[in-house]
Amino acid sequence: MVIMTVTVLVPDEEGVAALSEIEGVRPVVYRRGEPVPAEAAEAEVLVTGDGPSDELWRELPNIKLVQLLAAGAEDWVGKVPDGVLLSTCRGAHGGSSAEWVVAVLLAIYRGLDDFAEGLRRKHWERRTTDTLQGKRVLIIGAGDLGRHLRRRLETFDVRCTMVGANAREGVHGTDELPALLPDHDVTVLMVPLTPHTRGMVDAEFLAAMPDDAILVNVSRGPVVVTDALVAELASGRLRAALDVTDPEPLPDGHPLWDCPGLLLTPHVAGSVSGRRQRAYAVVVRELSHYLGGELPKNLVHGEY
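Residues numbered from 1 in each chain as written. Predicted model: local features only at pLDDT ≥ 70, side-chain atom pairs only at ≥ 80, totals over all residues. Heavy atoms only, no water.

A. Just the environment of Leu299, in detail. Here Leu299 is to be found in the segment after helix H9 (275–291). Once the C-alpha coordinates of Leu299 and Ser87 are considered, the two residues, 212 residues apart in sequence, prove to be 4.3 Å apart. Not counting chain neighbours up to four residues away, the residues in contact with Leu299 comprise Leu85, Leu86, Ser87 and Glu286. (Helix = DSSP H or I, 4+ residues; strand = E, 2+ residues; numbered from the N terminus. Contact = heavy atoms within 4.5 Å.)

Right under this line is the structure:
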């Protein structure tokens, strides 16, 4: 039996090492802005953490599959030539993102910022804090990230409600949000950025959240209408934890910098040790399906 060899372009030597173990794969390093390797003309698969470009398709005329190292595909949707498959790295970063959500909620409810400030001032002040136990958390996004988060939160005796694009067993539809928002202490955004989710969290959405509720955004900045959130935070009615913003990076002088009740990190929820290894583990699984004549499990359909 003749085994066909498929050339796969990867962005680094770590990718070469991970994919070298797959029979029938010849991994080759391809980096944007560097001389194009001779193998690029015959490469069938591109593994990348970058965005698309017109130059890309001229350099890689035989590409049939683009395998992303990220879970989000909004930069690529609608920009892939006809006949080229697009697959995400869903499953690699869900645990890290869920861990970040748990961390910020614990920090907010247990008042860790205040205690850290007391340490800086060498001021010892005991006080009672709130607790994550018993809180009602609305998780918008019932995919890999949402499932990871639910499993972790339930160990803290949190009551979770899942929301997806469409209702199904154990998952509410987004059309039910107006009725669900007032009954939850925390709303967590874990959705992809699509035309349907862009600006989803607007003034009306935020107004439906109860007083002192917390909005957590670990998806993409444009899912939230920034001006509407700034208004709610400035009033002191709501609190928020954001790993992503719109615009991003947040420029000097932006009103979000000075908003009360805000915990802000610079898009680092998934930036943890072992991130690349977990991503390449997903890539190996996706390529195994592809080489076996199947469609990748994380294949992007339409807006995904």
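B. Inspection of the packing of aromatic side chains at higher detail. Enumeration over the complete set of coordinates arrives at one aromatic pair. Measuring from ring centre to ring centre gives 6.1 Å for Trp57 and Trp76, while their planes differ by 80°; the resulting arrangement is edge-to-face. Of this pair, Trp57 sits in helix H2 (residues 54–59) while Trp76 is found in the loop between strand E4 (65–68) and strand E5 (85–87), placing the two residues 19 residues apart along the sequence. Trp76 gets classed as buried once you look at its relative accessible area, which sits at 2%. Here the guanidinium or amino end of Lys135 rests over the ring plane of Tyr109, the centre of that ring lying 4.6 Å away. (Phe/Tyr/Trp six-rings, centres within 6.5 Å; stacked < 30°, edge-to-face > 60°. Buried < 20%, exposed > 50% of the residue type's maximum accessible area, 1.4 Å probe, protein only. Lys NZ or Arg CZ within 6 Å of the ring centre and 35° of its normal.)

C. Region of the structure containing the UniProt feature "domain: D-isomer specific 2-hydroxyacid dehydrogenase NAD-binding" (unreviewed entry) in the chain. As annotated by UniProt and renumbered to match this structure, "domain: D-isomer specific 2-hydroxyacid dehydrogenase NAD-binding" (unreviewed entry) occupies residues 103–269. Secondary structure within residues 103–269 divides into 28% helix and 17% strand; the distance between the first and last C-alpha atoms comes to 10 Å. (UniProt positions renumbered as here; feature names shortened; annotations may be inferred.)

D. Highlighting the side chain of Glu232. Counting through the fold element by element, Glu232 comes out in helix H8 (residues 226–235). We classify Glu232 as buried; its relative accessible area is 13%. For Glu232, the residues in contact, after removing those within four places along its chain, are Leu206, Ala207, Arg237 and Leu238.

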